[in-house]
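Read off the chains here:
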Amino acid sequence: MKHLIKTLVTAASISAASFASAETLSIEGGGTASTTGLVPQSFAPYASAAGHDLQVVLGQVLTKSIMKVAAGKLDLAVAPPPAYAAMTRGAGPYAKIANKAKGMSANVRSLFAFQGSTMHPMVWADAGIESWKDIAGKRVFVGPPAGAAARQTQGMIEAASGLKAGDDYEVVKLPWGQASQGFQDGQYDVYVGFYPVGSQTVSEIGLQRQVRILGLPDNTVGTDDWADYEERSGVSAVTIPAGLYGKAVANGESDLGAAATAMMIVAHKDMDDETAYALTKAYFDALPEMKASNALLATQDGSKPLHGVTAKLHPGAKRYYQEMGVEIPENLL
């Protein structure tokens, strides 16, 4: 279901004149329970205070949202960096429209990156699956058919276990809306859910029937293979703290290593430079307050504003980073 959220800012510090002069911009994000939905929702009031009202539409297929931005039919979108990289090559979800996708990718510019959802590889605690090697030959949900998540998940599994999709385990792809229920209905053995760390959804699943989260092995992060995976997929290593999910997670008494995706906010190259600058500045100015007001955003790391970004920077955003002394990779200029 698509969720349309029109943000109205009511803070007393914002005058009626501010509302009258505010520009309305459209932005698409992911699910309401995911970071890809939470970030645009949480950011919208601060963008409005900076003079740009955001009309936020959630529950979207983000690989399609990038194309809308490129076509000038959408102002902003949450975009998975690997999806944009695939767009520039006419590969993956864009293979059937390769030439069109490659040509349109030149219209896309990035503003900033944020930490996306964290992969929670879950199995039932009583299923006899206690380590990564135990998923060999099992059915594994890796993500939707047309998104970047499936490739990120398969890369994470290979980095953690050496197991290859299709060869060592059976891949299952379903829309996000069917994924959790499919796991609970027994359609697959392993459910790699994408949630913010501390998501209530994980607790709810585990309280119905206790789950085990397959954490990254201690010797995974820091290896050359992991570094290559981070570079290719835009992920970063994070920690699911001990005790976070209580008795819902059988092995939750210890910290668990996990992989978090990177996401970026993209705009059309013809967006006004001042608008791009104002939005980028407003986000980073607001980030401490956003983190303090929503525990699900607490892991956001403003010190890595360009981690995972694959689209060239918008000139307005570049100006902000230059003012802040942020080193900009050559490939983003």
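Residues numbered from 1 in each chain as written. Predicted model: local features only at pLDDT ≥ 70, side-chain atom pairs only at ≥ 80, totals over all residues. Heavy atoms only, no water.

Would you mind showing me how to read the overall build of the protein chain here?
When helices and strands are tallied, the protein chain shows eleven helices and eleven strands. By the compact-globule yardstick of 20 Å for 333 residues, the protein chain fits well, its C-alpha radius of gyration being 20 Å. Here the C-alpha coordinates of the protein chain stretch approximately 60 × 45 × 40 Å along the principal axes. Relative to all contacts within the protein chain whose residues are 6 or more apart in sequence, the contacts with residues 24 or more apart total 75%. Carbon and sulfur atoms make up 49% of the accessible area of the protein chain, which amounts to about 14700 Å² in all. (Helix = DSSP H or I, 4+ residues; strand = E, 2+ residues; numbered from the N terminus. Rg over C-alpha atoms; globule rule 2.2 N^0.38 Å. Contact = heavy atoms within 4.5 Å. Areas by Shrake-Rupley, 256 points an atom, 1.4 Å probe, with all protein chains shown as cover.)

How should I be thinking about the layout of surface pockets in this particular structure?
The gaps of empty space that remain are located by a probe, the size of a water molecule, rolled over the atoms. Quantified by volume, the largest pocket comes out at close to 960 Å³. G30, G31, Q60, W176 and G177 are the residues nearest the centre of the largest pocket, which is lined by 37 residues in total. Among the elements of the structure, α3 (62–70), α6 (149–161), α7 (176–184), β8 (190–195) and β11 (256–268) are those that each provide at least two residues to the lining of the largest pocket. Looking at the lining of the largest pocket, the element that brings in the most residues is α7, giving six residues. Class assignment for the residues of the lining of the largest pocket results in 17 nonpolar, 19 polar and one charged. Looking at the second largest pocket, its volume works out to about 350 Å³. (1 Å grid on protein atoms, 1.4 Å probe; cavity = no way out; pocket = protein on both sides within 12 Å on 5 of 7 lines; lining within 4 Å. Points joined across faces, edges and corners; volume = space filled by probe spheres on them. Nonpolar A, V, L, I, M, F, W, Y, C, P; charged D, E, K, R; others polar.)

I tried to follow α3 on my own but got confused; where do I start?
In an α-helix, one full turn covers 3.6 residues, which means residues spaced three or four apart are oriented alike. By the criterion of burial, α3 is predominantly enclosed, with seven of the nine residues buried. Of all the positions in α3, only L62, T63, S65, I66, M67, V69 and A70 are classed as buried. (Buried < 20%, exposed > 50% of the residue type's maximum accessible area, 1.4 Å probe, protein only.)

What is the right way to read the packing of α3 against helix α4 (residues 81–89) from this model?
The packing of two helices is summarised by the inter-axis angle and the distance between the axes. It is at 10 Å that the axes of α3 and α4 come closest, and there the two elements cross at 60°. Judged on the interaxial angle alone, α4 and α3 are oblique. Here the hand of the crossing between α3 and α4 comes out right-handed. When α3 is examined against α4, the residues T63, I66, M67 and A70 are found in contact with a partner set consisting of A83, Y84 and M87. Split into classes, the residues belonging to the contact of α3 with α4 amount to six nonpolar, one polar and no charged. (Axes fitted to C-alpha atoms, helices over the stretch in contact; angles between N-to-C directions. Parallel < 35°, antiparallel > 145°, perpendicular 65-115°, else oblique. Left-handed = near helix turned anticlockwise from the far one by under 90°.)

Whenever I open this one, the pattern of salt bridges confuses me. Can you help?
Once the charged atoms of two side chains with opposite charge are near each other, the side chains can pair. Applying the stated criterion to the full structure yields nine salt bridges. Linking R209 and D126 is a salt bridge whose minimum nitrogen-to-oxygen distance equals 2.9 Å. Within this pair, whereas R209 is found in the loop between α8 (200–208) and β9 (211–213), its partner D126 is found in the loop between β5 (108–124) and β6 (139–143), the two being separated by 83 residues in sequence. Classification of R209 by relative accessible area gives partly exposed; the value is 36%. With a relative accessible area of 58%, D126 lands in the exposed category. Through salt bridges that share partners, E274, R319 and E323 make up one connected network. (Salt bridge = Lys/Arg side-chain N within 4 Å of Asp/Glu carboxyl O.)

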